[in-house]
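Notes for the structure review
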Amino acid sequence: MDAARVGVITFPGSLDDRDAARAVRLAGAEPVALWHADHDLQGVDAVVLPGGFSYGDYLRAGAIARFAPILTELVAAAKDGLPVLGICNGFQVLCEAHLLPGALLPNAGLHFVCRDQRLRVENADTAWTTGYTEGQELVIPIKNADGRFTADARTLDELAAEGRIVARYLDLNPNGSLGDIAGISNAAGNVVGLMPHPEHAVESLTGPSTDGLGFFTSVVKRLVGA
Amino acid sequence: MARVVVDVMLKPEILDPQGQAIARKLPQLGFEGVAAVRQGKRFEVEVDGPADEAAVEKVRKIAETLLANPVIENFEVRVL
């Protein structure tokens, strides 16, 4: 069977597209470079929106990228069940595109945060987290200026009640995110947004752990098993 | 040429650490009695043609499409 093909979108200002592609490869899939200005997902089986500062994030994080040409195809495919993982800036883009609820605001402490962060996996049933167990603790890097997840009280209640909080921060909340939320999913579980960076924790040489690899192996296993 | 202003503010219930940082500095500068500061954004949009209802409506559409995120922000549109 051919390897699963996982697209990684590069926007002007993306930083972590190469690391994301590397993580995809280490997880056993073929990374496919996708370009923001193309109306073409190249038939990929899943998509990663990487971290960085798409289009400079000059208005709000993710606000311009939401209108990138390739987002037209991505939004339609995500609504049809395509697995999509937005990491950091990718999470911000998914919220701006209304594939995920809420928004990411400047860190409550106003400083850029860069640290190895403990997390707890709250939902191990999404397309991107089946390789973990519920309650499993991970250490993966977080690095952002706009990581404070915010949503109205009703949305927060819905996310919690429907099991759509994918991961929460442990030990300390690095950005003032409501409910210590580090990641959420859509109702179907195919779209996940995550503020920390699993693609930076896939090899012991360069990361604090290899705890991040599970996000990528989860989706690959699902695709190969499909 | 119509000049239309869009004021964008975080919704009142949303924490504004930038405004708080400004408010904390004020007593040190001798400004007493300031209860709170909220920081927002102002856009000035120049539109071809007269400053009529159509111009305002166009800018309102721009504001709700791009300038403001209605999940977290409110906005007001007015002709300058």
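Structure's up top.
Quick summary incoming for the structure in this document. (Residues numbered from 1 in each chain as written. Chains lettered and ligands numbered in written order. Predicted model: local features only at pLDDT ≥ 70, side-chain atom pairs only at ≥ 80, totals over all residues. Heavy atoms only, no water.)

1. Side note on the overall build of chain B
- Regarding its fold elements, chain B presents two helices and three strands.
- Taken over C-alpha atoms, the radius of gyration comes to 16 Å for chain B, far larger than the 12 Å a tight globule of 80 residues would show.
- Counting only C-alpha atoms, chain B reaches 45 × 25 × 15 Å along its principal axes.
- Total accessible area on chain B is roughly 5000 Å²; 55% of this is exposed by carbon and sulfur atoms.
- Computing the positive centroid from 11 side-chain charges and the negative centroid from 13, chain B places the two 5 Å apart. (Helix = DSSP H or I, 4+ residues; strand = E, 2+ residues; numbered from the N terminus. Rg over C-alpha atoms; globule rule 2.2 N^0.38 Å. Areas by Shrake-Rupley, 256 points an atom, 1.4 Å probe, with all protein chains shown as cover. Lys, Arg positive; Asp, Glu negative; His and termini not counted. Charge placed at Lys NZ, Arg CZ, Asp CG, Glu CD.)

2. Section: the interface of chain B and chain A
- At the junction of the two partners, chain B supplies 16 residues and chain A supplies 16 residues.
- Carbon and sulfur atoms supply 70% of the area that chain B and chain A bury against each other, a total of about 1200 Å² over both sides.
- Among the residues chain B hides against chain A, the three largest losses belong to B:Pro17, B:Leu66 and B:Asn69. Together they make up 36% of the total.
- For the interface between chain B and chain A, the tally reads one salt bridge.
- A salt bridge links A:Arg60 to B:Glu73; the shortest N-O distance between them is 3.8 Å.
- Going through the elements one at a time, α1 (17–25), β2 (41–47) and α2 (53–67) of chain B are the ones with two or more residues in the side of chain B that touches chain A. (Contact = heavy atoms within 4.5 Å. Buried area = accessible area lost by both parts, 1.4 Å probe. Salt bridge = Lys/Arg side-chain N within 4 Å of Asp/Glu carboxyl O.)

3. Quick word on empty space enclosed by the protein
- According to the stated counting rule, one finds one cavity of 30 Å³ or more in the structure shown.
- Put simply, the largest cavity is a space of about 30 Å³.
- Surrounding the largest cavity, A:Arg60, A:Arg66, A:Glu96, A:His98, B:Glu64, B:Thr65, B:Ala68, B:Asn69 and B:Pro70 form its lining.
- By residue class, the composition of the lining of the largest cavity is two nonpolar, three polar and four charged. (1 Å grid on protein atoms, 1.4 Å probe; cavity = no way out; pocket = protein on both sides within 12 Å on 5 of 7 lines; lining within 4 Å. Points joined across faces, edges and corners; volume = space filled by probe spheres on them. Nonpolar A, V, L, I, M, F, W, Y, C, P; charged D, E, K, R; others polar.)

4. Re the layout of surface pockets
- Put simply, the largest pocket is a space of about 400 Å³.
- Lining the largest pocket we find 24 residues, and of these A:Arg60, A:Leu105, A:Pro106, B:Lys41 and B:Glu73 sit closest to its centre.
- Elements with a minimum of two residues in the lining of the largest pocket: α3 (89–96) and β5 (103–105) of chain A together with β1 (2–10) and α1 of chain B.
- Taken together, the residues that form the lining of the largest pocket break down as 12 nonpolar, five polar and seven charged.
- Estimated volume of the second largest pocket: approximately 180 Å³.
- For the second largest pocket, the full set of lining residues is A:Arg148, A:Thr150, A:Ala151, A:Asp152, A:Gly176, A:Leu178, B:Lys11, B:Glu13, B:Ile14, B:Leu15 and B:Val71.
- Its residues assigned to classes, the lining of the second largest pocket shows five nonpolar, two polar and four charged.

5. A closer look at the sheet that holds strand β11 (residues 191–194) of chain A
All names here are of chain A.
- The strand order across the open sheet built from nine strands is β2-β1-β3-β4-β11-β10-β9-β6-β7, with neighbouring strands paired in mixed fashion. Each edge of the open sheet is held by one strand with a lone partner, namely β2 (30–35) and β7 (137–144). Pairwise comparison of adjacent strand axes, ignoring direction, gives a mean angle of 25° for this sheet.
- As paired strands, strand β1 (residues 5–10) and β2 are joined by six bridges and run parallel to one another. Note that in β2 the partner of Val6 across the bridge is Pro31.
- Sheet strands in contact with helix α1 (residues 17–26) are β1, β2 and β3 (46–49), and its direction is about 175° off that of β1. (Pairing = 2+ DSSP bridges. Axes fitted to C-alpha atoms, helices over the stretch in contact; angles between N-to-C directions.)

6. Digging into the nonpolar core
- Counting residues in hydrophobic clusters, the biggest one holds 71 residues, and the most contacted among them are A:Val47 and A:Phe216.
- By residue number, the principal contributor to this core is helix α2 (residues 69–79) of chain A, which donates six residues.
- Once you skip the residues sitting within four places of it in the chain, A:Val47 turns out to touch A:Gly7, A:Ile9, A:Leu34, A:Leu41, A:Leu74, A:Leu82, A:Pro83, A:Val84, A:Leu85 and A:Trp128.
- If you look at the next biggest cluster of nonpolar residues, it comprises 16 residues, including B:Val45, B:Val56, B:Ala63 and B:Leu67. (Core = buried A, V, L, I, M, F, W, Y, C linked by side-chain atoms within 4.5 Å. Buried < 20%, exposed > 50% of the residue type's maximum accessible area, 1.4 Å probe, protein only.)

7. Things to note about the pattern of salt bridges
- In this structure the tally under the stated criterion is 17 salt bridges over all chains.
- Linked through salt bridges whose partners overlap, the residues forming this network are B:Arg3, B:Arg42, B:Glu44 and B:Glu46.

8. Some thoughts on the packing of aromatic side chains
Residues and elements named next belong to chain A.
- Applying the stated criterion across every chain, the model contains three aromatic pairs over all chains.
- Aromatic side chains Phe91 and Phe149 sit 6.1 Å apart centroid to centroid with 15° between the ring planes, which places their arrangement in the stacked category. Within this pair, whereas Phe91 is found in helix α3, its partner Phe149 is found in strand β8 (residues 148–150), the two being separated by 58 residues in sequence. For the pair shown, Phe91 and Phe149 are each scored as buried. (Phe/Tyr/Trp six-rings, centres within 6.5 Å; stacked < 30°, edge-to-face > 60°.)

9. Topic: the sheet that holds β1(B)
Residues and elements named next belong to chain B.
- Pairing within the open sheet is antiparallel, and its three strands lie in the order β2-β1-β3. Only two strands of the sheet have a single partner each, and these edge strands are β2 and β3 (73–79). Each neighbouring strand pair of the sheet contributes to a mean axis angle of 20°, computed without reference to strand direction.
- Relative to β2, β1 is paired through seven bridges, and the arrangement is antiparallel. Residue Ala2 lies in a different strand from β2, and its bridge partner there is Val47.
- Relative to β3, α2 is tilted by about 160°, and along the sheet it contacts β1, β2 and β3.

Spatial relationships are all this shows, so hold off on functional conclusions.
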